[in-house]
Amino acid sequence: MAAPSTGPGLGTEIVGIINKLQDVFTAVGSSAAAIDLPQICVVGSQSSGKSSVLENIVGRDFLPRGAGIVTRRPLILQLVNRPATQTNGVSSPSKIEGSSQNNENEWGEFLHLPGEKIYDFAKIRAEIVRDTELKTGKNAGISPSPINLRIYSPNVLSLTLVDLPGLTRVPVGDQPRDIERQIRDMIMKYVSRPGCIILAVTAANQDLANSDGLKLARDVDPEGTRTIGVLTKVDLMDQGTDVVDILAGRVIPLRLGYVPVVNRGQRDIDSNKAISVALDNERSFFDNHPSYRGKSQYCGTPFLARKLNMILMHHIRATLPDIKARIQSQLQKFNAELITLGGAMGEANAGNVVLSVITEFTSEFRTVIDGNTNDLSLNELSGGARISYVFHELFNNGIKSIDPFDQVKDGDIRTILYNSSGSTPALFVSTSAFEVIVKQQIKRFEEPSIKCCQLVYDELIRILGQLLTKIQAFKRYPALKERFNAVVINFFKTAMKPTDKLVTDMVAMQACYVNTTHPDFLNGHKAMSVVQERLSAGKPQSSGVDSKTGKPTAAQLNNNKDLDVDAKKEEPSFFGSFFPGIKGKKKGGPAMEAPPAIIRPTAALNERETMETEVIKLLIQSYYNIVKREIIDMVPKAISLTLVNFAKDNIQKELLQELYKPEVLDDLLKESEFVVSRRKEVVQMLSALNKAEEIVSAV
């Protein structure tokens, strides 16, 4: 007969606790997986007799049969011991054991068919086949998606068993070439959990060292603390051989031991041999076999069922504290998520929601820019620190890298000097030449300054994106998120116009007025003396002073030249560097020729031009450095005033004006379908977890 119902001595109550937990988690499988309830997984090679063992434990024919891989999806089998219903104080008669007769006290329920009780176990088998083919096709493909079947009966012990596909090596039909790896990965997903007891099924008429089930169990349970061995087909062993050494632990020891069983053969199944008769034959075999009759009470399917029940009971007691802790953790997790989803019913007042989101956003925006957030990153700069990096690294270095003389060469300065003196050659270095060049170069600061504005704008957009992701309300209301994004970006763009203008005007102010009286500016006299010192450092010094009078000689007053107006062959002309002198003139020829259409310098700078050019360069460099310091200092201040601080101070007002309108509130607060469905799931999970907490609290 099938394993009878057990009394309190076998811990039915504590196993019932897990069954109750399974009941409340049925609708929320993901949460149940996180809780990791204790269960027994059946593993073994193909056709090792796994399905027959399960049918013997249940006492009913309900699993598909055939050649090749029959179990192609995990079957989570939950056996629930349910006493027979009472009729006028008398229990309803149980079924005829092992027969196909229906019984009102025994039925099965599939998770994918909620509320449907199936009393005909042949229909249960047909539904397993139908649902398997729905996922895997009619050939021999496999799927990791489990089938959940719960069987209620007064003739079973409360157990949770998972029938997994048998290990195979050679693909057949439309199976993938890596079928062995797929099945192994699927099995490992279940047996690697600490809460799983491994039921390793091995045919007794094969070498135990070649057992696929034991090898796989050894991989995840090397100490054998949660593995129990089942030896099938004991009756098919050669005469004179037995499994006594295996049972005694002298071959491959397991702490939970081995149980030998005798299943129905294929001929028995084909002839519809009742399981009750098969169990009687099994008992007779062990009672009469010379090797087993002394320990027959520890052999057979009924003992296996009781042993599994006992092992599961002790395992539950060991894992119950962890189950309680996991339930508490899941409760906290889902309660926090439900709050972000607006509570169990959602928030009804749309105005309050929008106000709350605007307040939270603006507060977070200011906090991120000021660096007062609690979510400071340890690995990278974020928020306001990135804006500071733009100011003090990128912009600072960009301005400093501008060289006023990378576009203006010495020859260009010479030409400007001549052009600025007009028709009269200048006696001193031209101020207008200095201003022309320095103004041109100051205008070069406009491009990096505008680029700095754009980089800060990009950082504000980056902060916006981070906040839209961080604030939970935007996950609930996609329309509100989209509108928020549009309003804030438009606000930033509007603020960019006066910012760009202010920065451009600051550069224009520097270019329109050259303040040569700036205290840091190197004046012309000092520049001249510096240049003269440089040029005369390597030349021999001549006194140029009359030893009698102590005054400069006439030659010194006239640049070491006499006032003779006759041209000297060796004396260069004033514009001598612009075109070479006319050589080989014939006597009596014309005194001059017309100037060329375009006059450009063709010779190297002479001594006077070199001195004037160096003076101009020194003055330009001095004033340019002053302007650089002011631009580096003032542009970040301008951007902070008209863009960053303006956004911090006015973004809340802008959001209220654009979003807090009665005519748009309802449209903004349309929840996404994901949020609605997720809230429903979370509420169901919390309900299940609260019931689970009540159940485990009573232990």
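I will try to describe carefully the structure that is included in this document. Predicted, not measured: the structure shown is a model, and the values here were computed from it.

Another point: the sheet that holds strand S2 (residues 75-81). The strand order across the open sheet formed by eight strands is S5-S6-S2-S7-S1-S8-S9-S10, and the pairing between neighbours is mixed. Strands with a single pairing partner mark the edges of an open sheet, and in this sheet they are strand S5 (107-110) and strand S10 (258-260). Averaged over neighbouring strand pairs, the angle between their axes works out to 25° when direction is ignored. Where strand S9 (residues 227-232) and S10 come together, three bridges link them in parallel fashion. Among the inter-strand pairings, Gly229 is bridged to a residue of S10, identified as Tyr258. Lying on the sheet, helix H5 (residues 179-191) is in contact with strand S1 (39-44), S2, strand S7 (159-163) and strand S8 (196-203); it crosses S1 at an angle near 155°.

The backbone phi angle of Lys233 is positive, close to 60°, even though this residue is not glycine. If you trace the backbone, Lys233 turns up in the loop between S9 and helix H7 (244-247). Accessibility expressed as a relative area gives 27% for Lys233, which makes it partly exposed.

Moving on, we come to the nonpolar core. When a protein is soluble and globular, its nonpolar side chains tend to lie buried together. Grouped together as the largest cluster of nonpolar side chains are 70 residues, with contacts concentrated most on Phe361 and Phe484. At the level of secondary structure, the elements contributing two or more residues to this core comprise helix H11 (350-370), helix H12 (384-400), helix H14 (431-442), helix H15 (446-470), helix H16 (473-476), helix H17 (478-512), helix H20 (607-659) and helix H21 (662-668). For this core, the element with the most residues is H20, which contributes 19 residues. For Phe361, the contacting residues outside a window of four places in its chain are Leu464, Leu467, Ile471, Phe474, Phe484, Val488, Ile651 and Leu655. In this structure, Ile40, Leu77, Leu689 and Ile695 belong to the second largest nonpolar core, which totals 57 residues.

This brings us to a nonpolar patch on the surface. Judged by side-chain polarity, Leu355, Leu656 and Tyr660 come together as a nonpolar surface patch covering roughly 230 Å² of accessible area. With respect to the helices, strands and loops of the structure, Leu656 is situated in helix H20.

Before going further, it helps to spend a moment on helix H22 (residues 673-697). The terminal C-alpha atoms of H22 lie 36 Å apart, and with 25 residues this matches the ideal 36 Å at 1.5 Å per residue to within 8%. Among the residues making up H22, those that are buried are Val675, Arg678, Arg679, Val682, Met685, Leu686, Ala688, Leu689, Ala692, Ile695 and Val696.

Here the focus is the packing of aromatic side chains. By the definition in use, this model includes 13 aromatic pairs. Ring geometry for Phe285 versus Tyr292: centroids 6.3 Å apart, planes at 40°, classification tilted. Using a relative accessible area of 22% as the deciding quantity, one classes Phe285 as partly exposed. When the centroid spacing of 5.6 Å and the interplanar angle of 80° are considered together, the rings of Tyr298 and Phe303 count as edge-to-face.

With respect to the helices, strands and loops of the structure, Pro321 is situated in helix H10 (residues 301-340). Residue class for Pro321 comes out exposed when judged on its relative accessible area of 52%. Counting along the chain gives 375 residues from Pro321 to Val696, while the straight-line C-alpha distance between them is 9.1 Å.

Take the pairing of S8 next. The element S8 is largely enclosed, with a buried count of eight among its eight residues. The sheet contact formed by S1 and S8 spans six bridges and is parallel. Within S8, the residue paired with Val43 across the bridge is Ala200. Note that S8 and S9 share six bridges and pair parallel. Along S9, the bridge assignment pairs Ala200 with Gly229.

Axis separation between H11 and H15 bottoms out at 10 Å; the angle between their running directions is 130°. Classified by the angle their axes make, H11 and H15 are oblique. Like other packed secondary-structure pairs, H11 and H15 cross with a definite hand, here right-handed. Residues Phe361, Glu364, Phe365, Val368 and Ile369 of H11 touch H15, and the partners they reach there are Leu460, Ile463, Leu464, Leu467 and Lys470. Here the residues of the contact of H11 with H15 are counted per class, giving eight nonpolar, no polar and two charged.

The next point concerns helix H6 (residues 212-220). Looking at H6, one finds that the buried residues are Asp212, Gly213, Leu214, Leu216, Ala217 and Val220. Those residues of H6 that are buried lie in contact with S1, H5, S8, S9 and S10. Where H6 begins, the side chain of Ser211 points an oxygen toward the backbone nitrogen of Leu214, at a separation of 3.2 Å.

Bringing the pattern of salt bridges into the picture now. For the coordinates displayed, the defined rule picks out 19 salt bridges. Across the pair Asp370 and Lys648 runs a salt bridge, and its minimum N-O distance is 2.7 Å. Taken as a pair, Asp370 in helix H11 and Lys648 in helix H20 lie far apart in primary sequence, 278 residues in all. Of the charged contacts in the structure, one is a salt bridge between Asp505 and Lys501, with a shortest N-O distance of 2.9 Å. A residue pair is termed a helical-turn pair when its members lie 3 or 4 positions apart in one helix, as Asp505 and Lys501 do in helix H17 at four residues. Here Asp505 falls in the partly exposed class, since its relative accessible area comes to 31%. For Lys501, a relative accessible area of 52% corresponds to the exposed category. Residues participating in the shared-partner salt-bridge network are Arg73, Glu127, Arg130 and Asp131.

Here we take up the environment of Ala385. Mapped onto the elements, Ala385 comes out in helix H12. According to the relative accessible area criterion, Ala385 is partly exposed, its value standing at 34%. Taking the C-alpha atoms as reference, Ala385 lies 7.5 Å from Ile369; in sequence the two are 16 residues apart.

Conventions used here
- Residues numbered from 1 in each chain as written.
- Predicted model: local features only at pLDDT ≥ 70, side-chain atom pairs only at ≥ 80, totals over all residues.
- Heavy atoms only, no water.
- Pairing = 2+ DSSP bridges.
- Helix = DSSP H or I, 4+ residues; strand = E, 2+ residues; numbered from the N terminus.
- Axes fitted to C-alpha atoms, helices over the stretch in contact; angles between N-to-C directions.
- Contact = heavy atoms within 4.5 Å.
- Buried < 20%, exposed > 50% of the residue type's maximum accessible area, 1.4 Å probe, protein only.
- Core = buried A, V, L, I, M, F, W, Y, C linked by side-chain atoms within 4.5 Å.
- Patch = residues over 30% accessible without salt bridge, like charges linked within 9 Å, V, L, I, M, F, W, Y side chains within 5 Å.
- Areas by Shrake-Rupley, 256 points an atom, 1.4 Å probe, with all protein chains shown as cover.
- Salt bridge = Lys/Arg side-chain N within 4 Å of Asp/Glu carboxyl O.
- Expected span 1.5 Å × (residues − 1).
- Phe/Tyr/Trp six-rings, centres within 6.5 Å; stacked < 30°, edge-to-face > 60°.
- Parallel < 35°, antiparallel > 145°, perpendicular 65-115°, else oblique.
- Left-handed = near helix turned anticlockwise from the far one by under 90°.
- Nonpolar A, V, L, I, M, F, W, Y, C, P; charged D, E, K, R; others polar.
- Polar contact = N/O pair within 3.5 Å; in protein donor to acceptor, adjacent residues only side chain to side chain.

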